[in-house]
2 protein chains.
Amino acid sequence: MQEFELIRSIFQSSIMAKTEGRSDILLGIGDDCAQVMVPEGQSLVFSMDTLVEGRHFPFDADPVDIGYRAVATCVSDLAAMGAKPAFFTLGLTLPQSDPQWLAGFAEGMAELAEPIGLLLVGGDTTKGPLTITLQVHGYVESELTPKRSQAQVGDDVYVTGTLGDAAAAVPIVTGELHVTAERFDYFYEQYWRPSPRLIAGMALKRVVHSMMDISDGIGQDLQHITRASGVGARIEFNALPISEMLRNWQPESAGILALTGGDDYELCFTAPHSARDEIQLILQTLHLPCTRIGEITESGFVVEGYDGDTAGWQHF
Amino acid sequence: MQEFELIRSIFQSSIMAKTEGRSDILLGIGDDCAQVMVPEGQSLVFSMDTLVEGRHFPFDADPVDIGYRAVATCVSDLAAMGAKPAFFTLGLTLPQSDPQWLAGFAEGMAELAEPIGLLLVGGDTTKGPLTITLQVHGYVESELTPKRSQAQVGDDVYVTGTLGDAAAAVPIVTGELHVTAERFDYFYEQYWRPSPRLIAGMALKRVVHSMMDISDGIGQDLQHITRASGVGARIEFNALPISEMLRNWQPESAGILALTGGDDYELCFTAPHSARDEIQLILQTLHLPCTRIGEITESGFVVEGYDGDTAGWQHF
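Keep in mind the model is a prediction, meaning the values are calculated, not measured. (Residues numbered from 1 in each chain as written. Chains lettered and ligands numbered in written order. Predicted model: local features only at pLDDT ≥ 70, side-chain atom pairs only at ≥ 80, totals over all residues. Heavy atoms only, no water.)

Focus: the overall build of chain A
Part 1 of the argument: The number of helices and strands found in chain A is 10 helices and 13 strands.
Part 2 of the argument: The globule rule puts the C-alpha radius of gyration for 316 residues at 20 Å, and the 20 Å found for chain A is close to it.
Part 3 of the argument: Along the first, second and third principal axes, the C-alpha atoms of chain A reach 60 × 50 × 35 Å.
Part 4 of the argument: Looking at chain A residue by residue over its 316 residues, the buried ones come to 59%.
Part 5 of the argument: Counted over contacts in chain A with a minimum sequence separation of 6, partners at least 24 positions apart contribute 85%.
Part 6 of the argument: Of the accessible surface of chain A, which amounts to about 12700 Å², a share of 48% is contributed by carbon and sulfur atoms. (Helix = DSSP H or I, 4+ residues; strand = E, 2+ residues; numbered from the N terminus. Rg over C-alpha atoms; globule rule 2.2 N^0.38 Å. Buried < 20%, exposed > 50% of the residue type's maximum accessible area, 1.4 Å probe, protein only. Contact = heavy atoms within 4.5 Å. Areas by Shrake-Rupley, 256 points an atom, 1.4 Å probe, with all protein chains shown as cover.)

A few points about helix 4 (residues 165-173) of chain A
Structurally, the α-helix is built with 3.6 residues per turn, so residues lying three or four positions apart point the same way.
Residues and elements named next belong to chain A.
Part 1 of the argument: Across the nine residues that make up helix 4, a large majority, seven, are buried.
Part 2 of the argument: For helix 4, every residue scored as buried is listed here: D165, A166, A167, A168, A169, I172 and V173.
Part 3 of the argument: On the buried face of helix 4, the contacting elements are helix 5 (181-192), helix 8 (244-249) and helix 9 (254-260).

Let's talk about the relation of the copies chain B and chain A
Part 1 of the argument: Turning chain B through 180° and shifting it by 0.0 Å along the axis lays it on chain A, with an RMSD of 0.0 Å. When the rotation and shift are considered jointly, the pair of chain copies conforms to a two-fold rotation axis.
Part 2 of the argument: A symmetric contact is evident, with 100% of the interface residues of chain B recurring at the interface of chain A. (Least-squares fit on C-alpha atoms with pLDDT ≥ 70 in both.)

So, the interface of chain B and chain A
Part 1 of the argument: With 56 residues of chain B in contact, the opposing surface of chain A contributes 56 residues.
Part 2 of the argument: When the two sides are added together, the surface that chain B and chain A hide from each other amounts to roughly 4200 Å², 57% of it contributed by carbon and sulfur.
Part 3 of the argument: Of all residues in chain B, D32(B), F46(B) and M48(B) bury the most surface against chain A, accounting for 18% of the area lost on that side.
Part 4 of the argument: One can count four salt bridges joining chain B with chain A.
Part 5 of the argument: Note that D32(A) is salt-bridged to R148(B), the shortest N-O span being 3.2 Å.
Part 6 of the argument: For the interface between chain B and chain A, the tally reads 22 residue pairs in polar contact (both at pLDDT 80 or more).
Part 7 of the argument: If you tally residues by element for the side of chain B that touches chain A, the top one is strand 3 (residues 42-52) of chain B, at 10 residues.
Part 8 of the argument: Grouping the constituent residues of the side of chain B that touches chain A by class yields 23 nonpolar, 21 polar and 12 charged. (Buried area = accessible area lost by both parts, 1.4 Å probe. Salt bridge = Lys/Arg side-chain N within 4 Å of Asp/Glu carboxyl O. Polar contact = N/O pair within 3.5 Å; in protein donor to acceptor, adjacent residues only side chain to side chain. Nonpolar A, V, L, I, M, F, W, Y, C, P; charged D, E, K, R; others polar.)

Structural notes on the pairing of strand 12 (residues 301-304) of chain B
Residue and element names in this part refer to chain B.
Part 1 of the argument: Only one face of strand 12 is buried, namely the one carrying F301 and V303, since none of V302 and E304 on the opposite face is buried.
Part 2 of the argument: Pairing of strand 9 (residues 232-236) with strand 12, which is carried by four bridges, proceeds in the parallel orientation. Opposite R234, over in strand 12, you have V302 as the bridge partner. (Pairing = 2+ DSSP bridges.)

Section: helix 5 of chain A
All names here are of chain A.
Part 1 of the argument: An ideal rise of 1.5 Å per residue puts 16 Å on 12 residues; helix 5 measures up with 16 Å between its terminal C-alpha atoms.
Part 2 of the argument: Buried within helix 5 we find F187, Y191 and W192. End-on view of helix 5: buried residues confined to an arc of 120°, all on one side of the axis. Facing away from the buried side of helix 5 by over 90 degrees, the exposed positions are E182 and D185.
Part 3 of the argument: If you follow the buried residues of helix 5, they end up packed against helix 2 (63-80), helix 4 and helix 8. (Expected span 1.5 Å × (residues − 1). Arc of directions from axis to C-beta.)

Points about unusual backbone geometry
Part 1 of the argument: Even without being glycine, Y265(A) reaches a positive phi, approximately 60°.
Part 2 of the argument: Within the fold, Y265(A) resides in the loop between helix 9 and strand 10 (267-271).
Part 3 of the argument: If you check the backbone angles, D60(B) has positive phi at about 60° while not being a glycine.
Part 4 of the argument: Mapped onto the elements of the fold, D60(B) is located in the loop between strand 3 and helix 2 (63-80).

Some points on the UniProt feature "binding site: Mg(2+) 5" (unreviewed entry) in chain A
Residues and elements named next belong to chain A.
Part 1 of the argument: On the UniProt side, "binding site: Mg(2+) 5" (unreviewed entry) is annotated at positions that read D216 here.
Part 2 of the argument: Considering the arrangement of structural elements, one finds D216 in the loop between strand 8 (210-213) and helix 7 (218-229).
Part 3 of the argument: Judged by relative accessible area, which is 31%, D216 ranks as partly exposed. (UniProt positions renumbered as here; feature names shortened; annotations may be inferred.)

Digging into the environment of A203(A)
Residues and elements named next belong to chain A.
Part 1 of the argument: Relative to the elements of secondary structure, A203 occurs in helix 6 (residues 198-204).
Part 2 of the argument: For A203, a relative accessible area of 27% corresponds to the partly exposed category.
Part 3 of the argument: For the pair A203 and E111, spaced 92 residues apart in sequence, the C-alpha to C-alpha distance is 23 Å.

Considerations on the sheet that holds strand 1 (residues 25-27) of chain B
Part 1 of the argument: The strand order 5(A)-4(A)-6(A)-3(A)-2(B)-1(B) describes an open sheet built from six strands, whose pairing is mixed. Strands at the two margins of the open sheet, each flanked by one partner only, are strand 5 (119-127) of chain A together with strand 1 of chain B. Across the sheet, the mean angle from the axis of one strand to that of its neighbour is 20°, orientation sign disregarded.
Part 2 of the argument: Inspection of the sheet shows strand 4 (residues 84-94) of chain A paired to strand 6 (residues 131-141) of chain A by nine bridges, in the antiparallel sense. The residue bridging P85(A) from the neighbouring strand is G138(A), located in strand 6 of chain A.
Part 3 of the argument: Contacts between helix 2 of chain A and the sheet are confined to strand 3 (42-52), strand 4 and strand 6 of chain A, with strand 6 of chain A contributing the most and set at about 35° to the helix.
Part 4 of the argument: Relative to the sheet, helix 3 (residues 99-113) of chain A contacts strand 4 and strand 6 of chain A, its axis offset from that of strand 4 of chain A by approximately 165°. (Axes fitted to C-alpha atoms, helices over the stretch in contact; angles between N-to-C directions.)

Examining the UniProt feature "domain: PurM-like C-terminal" (unreviewed entry) in chain A
Part 1 of the argument: When the UniProt feature table is mapped onto this chain numbering, "domain: PurM-like C-terminal" (unreviewed entry) sits at residues 152-300 of chain A.
Part 2 of the argument: The span residues 152-300 of chain A shows a helical share of 42% and a strand share of 18%, and its end C-alpha atoms are spaced 14 Å apart.

Focus on the domain arrangement of chain A
Residue and element names in this part refer to chain A.
Part 1 of the argument: What the domain assignment reports for chain A is domain 1 (2-144) and domain 2 (148-315).
Part 2 of the argument: Between the C-alpha centres of domain 1 and domain 2 there is a distance of 26 Å.
Part 3 of the argument: On the side of domain 2, 20 residues touch domain 1, which itself brings 28 residues to the contact.
Part 4 of the argument: Roughly 2000 Å² of surface becomes buried between domain 1 and domain 2 when both sides are summed, with 61% attributable to carbon and sulfur atoms.
Part 5 of the argument: Looking at the side of domain 1 facing domain 2, the largest losses of area belong to D65, R69 and L144, adding up to 28% of the total buried there.
Part 6 of the argument: Across the domain 1-domain 2 interface, the total number found is five salt bridges.
Part 7 of the argument: Across the domain 1-domain 2 interface, the total number found is nine residue pairs in polar contact (both at pLDDT 80 or more).
Part 8 of the argument: Broken down by element, the residue count for the side of domain 1 that touches domain 2 peaks at 13 residues, all from helix 2.
Part 9 of the argument: Looking at the side of domain 1 that touches domain 2, its residues break down into 17 nonpolar, four polar and seven charged. (Domains from an automatic or database assignment.)

Topic: the side chain of D49(B)
Part 1 of the argument: Of note, D49(B) is situated in strand 3.
Part 2 of the argument: One buried charged side chain, D49(B), makes no salt bridge at all; its nearest oppositely charged neighbour is R8(A), positioned 8.9 Å away.
Part 3 of the argument: Residues contacting D49(B), with those up to four places away along its chain left out, are D124(A), T73(B), C74(B), D77(B), I132(B), T133(B) and L134(B). (Lys, Arg positive; Asp, Glu negative; His and termini not counted.)

Written as structure tokens, this is what we have:
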């Protein structure tokens, strides 16, 4: 048990566990339960993600990177709800108590959690194969939550940022592929330090019909929206936003990586034509690129202009 | 991905995921986040527990039992806060998608969750060694939360039910020890089907000073209260409540199992002398045995009357 006391003390003393000045957190780490008073008029939204070593991130990775990315990928779900980050819990299963690893992991988590006001308020630590479960919680006005199920026929379909970089980065971060230092630095960062689009999510929630974050690739994730909304979509393969770095490095496969690659954690959202000007204004103000990639249709899922191995990448 | 769609459908179709009639649950399984509106005037309490196969429960156990016990052990933390169960999330890592195993696991969870109004609202499923992380959430008036840190010198120390059965059961449930059918049935049940003391917790929260659930053994857990409260405790070894079944079976070791054995999930609480009559009345009404085992002192932790291998079981 003593080793797990040590773990608790590492997290409890971290800057991300300091409840001072947070009137919503009545009890943090250390009791049977944490206790929170959700601010009046706000609803609580939350998402749980589990990351398994060797499956969701490479073996023997830098614990600082693992910690940062664990928080980033989970917080991205709050962005998709337009919610303000509030607090999180951590279920950490690890093979042994390694104080240096733990300090790095806590540092990586705090690096993202602290500036966005996401407090660590509880969790559990157990011994076993390295597995990280996070539950992140945020606050949002209940009537302003952009759900997956509210896309409407005729909506524009947008994505923020660029797609495909994180998928292209996988063989680099696993060490299978060696590239120039410049490419290494760029793609390493794209994989390990995704930027959850929190501010964009909060700003967009008033104008969008539906929104989600892209964790499994736009080709797959947009279908979560169309299925939940009972509609279809047509997107333009050549409209998918791709970074200069990726296009220069892999001009042939950049498009397919953007279409099918996961882990970018950009936002995908649908909105009526009437919102075009406002959306442009919001994203210009945030200096965040945003691209219209297609539209919501009555049914089916079509990727126009895809001339890969098959005649086209289609479902249904 | 298809296999994990199957898993989602098993949980989503379970009786414990039905949000009908629950005005507090705005969004359940299926979006980026679940969404909840905490009832006015109530605070949210929550606890996360991780269970690893082979460490927190035996390999190849009945999935119905695993599911029931996972919910029970985690809900026990809500009982310790005097909270009303509300909803939970499930992070499930499992080696392969086995529909029969999953159906049993869901059935076991629902068996406890459904009657106590604990709804499954979200989670994550991943592939890897069998690891179960639950976060259970409950509602409680913020001013009535019995914390670990509020024990006062002179308080009586009580435990509900009996202690030691679950620890005695371990070699039975792992198959290391073969016993009579009557003993097997009793101890198997004690290990796999602990009863979280929810009603007792809710009824007692108005009269106790501090309360917690006993998961690691009273000898260890009571010290969480004394440390958090900056006090000591003296308990009577011979006052520890022990079941007839355990005393008859293991008269020699029953006491030490009651003192140091975990997994009973009874409540331990401290309360002033002035509350004795009320406490007796509450627990008689609930038909729940409750035993005064000692008192809160200025400092130290003493177990009087323990004549085992050492002169006495003492810390400090």
